[in-house]
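Letter by letter, the chains look like this.
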Amino acid sequence: MTEGADIRGGDLPDDLTATEAGMWQAFRNGSVYDLSSGDTVVDDPHGGHPWGPARTVRARIVCWLLLDGPPALAGRVSSMKLVGVQISDTVDLAGGTVVPYVEMRDCRFERDVLLPEAHFTTVRLVDCSVPRLEAARVRTEGDLHLPRCRFHNGVRLTDAHIGTDLLMNQAIVYRDRSGRSIAADGMTVGQDLQAEMLESHGELSLRGAKVGVSLSLRGARLANPYSRLALNAPQLTVERSLYLTPAAVGSNLLSGATPARGTRIQPFECQGGLRLDDGRFGDAVDLERARFTLTDEQELSLRRVQTPELRFLGERPARGTVVLSGARVVNLMDRADAWPGPGRLHMGGFSYENLVPRGPFPLNERLEWVAAATAEYNPEPYERLAAVLRTGGEDEDAREVLLAKQRRRRESLPIAAKLWGYVQDWTVAYGYRPGRAAVWMAVLWAASSVAFTHAAHPPLKSGEHPPWNPALFALDLLLPVIDLGQVGFWQLRGGWQWLAAAMILLGWVLATTVAAGATRLLRRS
């Protein structure tokens, strides 16, 4: 710059190129500075067509205007609005305070954009080509918009504070040297974070991030073949909902609106592990039609997540593990074909209050769902399911679940206890089907009554016995504790003694199994 030029007074510096002089005047006027040619191929900021000096400005002139630019023309508001401009060298606004409004569309940045600890009102980069955006601890009073941009060496927004919305719809982000595509740990967004149809090639990291309204990854494609996680977001806090759901391709509908019939739908896809451990979500976590491509070592991890509603409605992952250990939800909305098979589902300590199945989910499949989550016997998932069914008024189903729990437990017992378990199951189904006891008692009583009519029964003491009644005698044998005044007065010999002993033993078996079932019923009450 020429020494002594009255820059603050608005005088045009001497060493500006013609292109930069035009940008200078547009800045003072607050108007759009458009250098696009009108040819879509030439104007593509991501294409290979070169842009010459006529479309190039120096980064230091851009920074100078933003940090200490000339005053606006009378009746105007100064702002940086560029279209189709190439910015050479590194844009370095680190630590600066930028008051003017910034919007750049279809622009090319030859080198990195450095914004760490800078302070803005609103920044919009739309459909721009950027080698890397370095914006740790950046603050904006309004929005940060980055839709349709391509970042070739990643984006860093660690501990950034976005006053209202962060938009990254249809952006394409490649990984940096650390393997992360977007590093936004500890970031705070005042309202919505929208990254719909985002393409992430590397790890998207949102550890400890906070979003004031909703986080939408509708139609996003996250791929990280280089390491374990494609989305790493433990301790993420979203005041309303997290959407990992489809998006309508080529539609101008508002986010979340129902697309018209025939609109092409792009589902959320995640190639690599997903971690939402210890997350807090005010309304819901929505996984409708989500696709997960995992290796055997990778997980869809929702450990200790808390949310009023979990919509587990994605496609069943062919490999990998789903982990819900310690998660707490109110409504579990799911489909039978969304859950993985045995050995690939872990639900230890998973708490839910209501089941809202989408489509048919019969009890036998629900029991298979519980069994898939318990490689070794664990009573907790069965008891949780039974409690939820009972609360919903499905007492019969709840008893079937508890019966399945006893049968599963039996397989882990020693041989003697296992045999006793089979006896309890065959007789009264561990007390969960007490009607069986009455049937067994009636059958044994009828059969033994007929048998004892043919038994020799000399009295123990002559003249001190009641009249012989084979039906009462059989009933007295079957009912433990209760004395009907028959058994102690007659003497049986041979096989009849063995029959009487068997009747007593069977009576005790039936009585104890019924008592055990009654105890469980009383405990649940």
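About the criteria used
- Residues numbered from 1 in each chain as written.
- Predicted model: local features only at pLDDT ≥ 70, side-chain atom pairs only at ≥ 80, totals over all residues.
- Heavy atoms only, no water.
- Axes fitted to C-alpha atoms, helices over the stretch in contact; angles between N-to-C directions.
- Helix = DSSP H or I, 4+ residues; strand = E, 2+ residues; numbered from the N terminus.
- Parallel < 35°, antiparallel > 145°, perpendicular 65-115°, else oblique.
- Contact = heavy atoms within 4.5 Å.
- Nonpolar A, V, L, I, M, F, W, Y, C, P; charged D, E, K, R; others polar.
- Disulfide = S-S within 2.5 Å.
- 1 Å grid on protein atoms, 1.4 Å probe; cavity = no way out; pocket = protein on both sides within 12 Å on 5 of 7 lines; lining within 4 Å.
- Points joined across faces, edges and corners; volume = space filled by probe spheres on them.
- Pairing = 2+ DSSP bridges.
- Phe/Tyr/Trp six-rings, centres within 6.5 Å; stacked < 30°, edge-to-face > 60°.
- Buried < 20%, exposed > 50% of the residue type's maximum accessible area, 1.4 Å probe, protein only.
- Lys NZ or Arg CZ within 6 Å of the ring centre and 35° of its normal.
- Polar contact = N/O pair within 3.5 Å; in protein donor to acceptor, adjacent residues only side chain to side chain.
- Expected span 1.5 Å × (residues − 1).
- Arc of directions from axis to C-beta.
- Salt bridge = Lys/Arg side-chain N within 4 Å of Asp/Glu carboxyl O.

Visitor: I'm lost on the packing of helix α5 (residues 379-391) against helix α6 (residues 395-410) in this one. Help?
Guide: When two helices pack together, their arrangement is given by the angle between their axes and by how far apart the axes lie. At their nearest, the axes of α5 and α6 sit 8 Å apart, and the two run at 170 degrees to each other. Classed by the angle they form, the pair α5 and α6 counts as roughly antiparallel. The segment α5 lies against α6, with P379, Y382, E383, L385, A386, L389 and R390 engaging D395, D397, A398, V401, L402, A404, K405 and R408. Its residues assigned to classes, the contact of α5 with α6 comprises nine nonpolar, no polar and six charged.

Visitor: How should the state of the cysteines be read in this particular structure?
Guide: Following the criterion strictly, the structure yields zero disulfides and no others. With no disulfide partner, C107 has as its closest neighbouring cysteine sulfur the one in C128, 4.7 Å distant.

Visitor: Help me understand the layout of surface pockets, please; the structure alone is not making it clear to me.
Guide: To find leftover empty space, one rolls a probe the size of a water molecule over the atoms. There is about 230 Å³ of room inside the second largest pocket. Going through the elements one at a time, β43 (354-357), α4 (363-372) and α5 are the ones with two or more residues in the lining of the second largest pocket. Among the residues forming the lining of the second largest pocket, the class breakdown is seven nonpolar, three polar and four charged.

Visitor: Looking at this model, I keep getting lost on empty space enclosed by the protein. Mind explaining?
Guide: Using the criterion set out here, one finds five cavities of 30 Å³ or more in the structure. Of the volumes computed, that of the largest cavity is approximately 80 Å³. Around the largest cavity, the lining residues are L66, V91, L93, V102, M104, F109, V113, L115, F120, V123 and L125. Among the secondary structure elements, those contributing two or more residues to the lining of the largest cavity are β6 (101-105) and β10 (123-126). Each residue belonging to the lining of the largest cavity can be placed in one class, and the counts come to eleven nonpolar, no polar and no charged.

Visitor: Is there a simple way to explain the sheet that holds strand β28 (residues 229-232) in this structure?
Guide: Within a sheet, neighbouring strands are paired by backbone hydrogen bonds and run either parallel or antiparallel to one another. One open sheet holds the eleven strands; their spatial order is β5-β8-β12-β16-β20-β24-β28-β34-β38-β40-β42, and the pairing between them is parallel. Only two strands of the sheet have a single neighbouring strand rather than two, namely β5 (91-92) and β42 (345-346). Across two bridges, the pairing between strand β40 (residues 321-323) and β42 is parallel. When the sheet's bridge partners are listed, V322 is paired in β42 with L345.

Visitor: Just checking my understanding: could you explain the packing of aromatic side chains for this structure?
Guide: Describing an aromatic ring pair means giving the distance of the ring centres and the angle of the ring planes. Going through the model one piece at a time under the given rule, you end up with six aromatic pairs. Residues W339 and W369 carry aromatic rings whose centres are separated by 5.5 Å and whose planes lie at 50 degrees to one another, so their mutual orientation is tilted. Note that W339 is positioned in the loop between β41 (328-334) and β42 and W369 in helix α4, a separation of 30 residues in sequence. Residue W339 shares its accessibility class with W369, and that shared class is buried. The rings of F312, W339, F350, Y352 and W369 are connected pair by pair, giving a single aromatic cluster. Its guanidinium or amino end placed over the ring of W51, R108 lies 4.2 Å from that ring's centre, counting from NZ or CZ. Taking NZ or CZ as reference, R366 lies 3.6 Å from the ring centre of F361, over its face.

Visitor: Help me out: how do you make sense of the side chain of N232 in this one?
Guide: Checked against the element boundaries, N232 lands in strand β28. A polar contact is formed between the side chain of N232 and the side chain of R275, at a distance of 3.4 Å. Aside from chain neighbours lying at most four places away, what touches N232 is E203, L204, S205, L206, R207 and R275.

Visitor: What is the right way to look at α5 in this model?
Guide: Residues that lie three or four places apart on an α-helix share one face, since the helix turns once every 3.6 residues. Between the first and last C-alpha of α5 there are 18 Å, a value that for 13 residues agrees with the 18 Å anticipated at 1.5 Å per step. The set of residues buried in α5 consists of P381, Y382, L385, A386, V388 and L389. For α5, the angular spread of the buried residues around the axis is 165 degrees, confining them to a single face. Each element contacted by the buried residues of α5 is listed here: β43, α4 and α6. You can read the cap of α5 off the contacts: a side-chain oxygen lies 3.2 Å from the backbone nitrogen of E380, and it is on N378.

Visitor: Sorry, what's going on with helix α1 (residues 18-29) here?
Guide: In this model, α1 (twelve residues) spans 17 Å end to end at C-alpha, consistent with the 16 Å of a helix rising 1.5 Å per residue. Where α1 is concerned, the buried positions are T19, E20, A21, M23, W24, A26, F27 and R28. The inward-facing, buried residues of α1 abut β1 (32-34), β2 (56-58), α3 (59-68) and β3 (79-83).

Visitor: I tried to follow the pairing of β28 on my own but got confused; where do I start?
Guide: Taken residue by residue, a regular strand's side chains alternate between the two faces of the sheet. Of the pairings in the sheet, the one linking strand β24 (residues 203-205) to β28 comprises two bridges and is parallel in character. Bridge pairing links S205 to N232 in β28. Both β28 and strand β34 (residues 273-275) contribute to a ladder of three bridges, which runs parallel. When the sheet's bridge partners are listed, N232 is paired in β34 with R275.

Visitor: Honestly, the environment of F452 in this entry has me stumped. Any pointers?
Guide: Looking at where F452 falls in the secondary structure, it is placed in helix α8 (residues 435-452). C-alpha of F452 to C-alpha of L499: the two residues are 47 residues apart in sequence and 9.3 Å apart in space. With near-sequence residues (within four places) excluded, F452 lies in contact with W468, P470, F473, A474, L477, L492, W496, L499 and A500.

Visitor: Would you take a moment to explain the pattern of salt bridges for this structure?
Guide: A side chain with one charge may pair with a side chain of the opposite charge, provided their charged atoms come close. Counted by the stated rule, this structure contains 26 salt bridges. One salt bridge connects R218 with E196, and the closest N-O pair in it is separated by 3.3 Å. Taken together, the residues span a long stretch of sequence, with R218 in the loop between β26 (215-216) and β27 (221-223) and E196 in the loop between β22 (193-194) and β23 (199-201) at a distance of 22 residues. For the pair R218 and E196, one class covers both residues: buried. R335 is paired through a salt bridge with D337; the nearest N and O atoms lie 2.9 Å apart. The exposure class assigned to R335 is partly exposed, which follows from its relative accessible area of 22%. The exposure class of D337 is partly exposed, given its relative accessible area of 43%. Several salt bridges share partner residues, and in doing so they unite R132, E134, R156 and D176 into one network.

The values reported here are purely geometric and, on their own, carry no functional implication.
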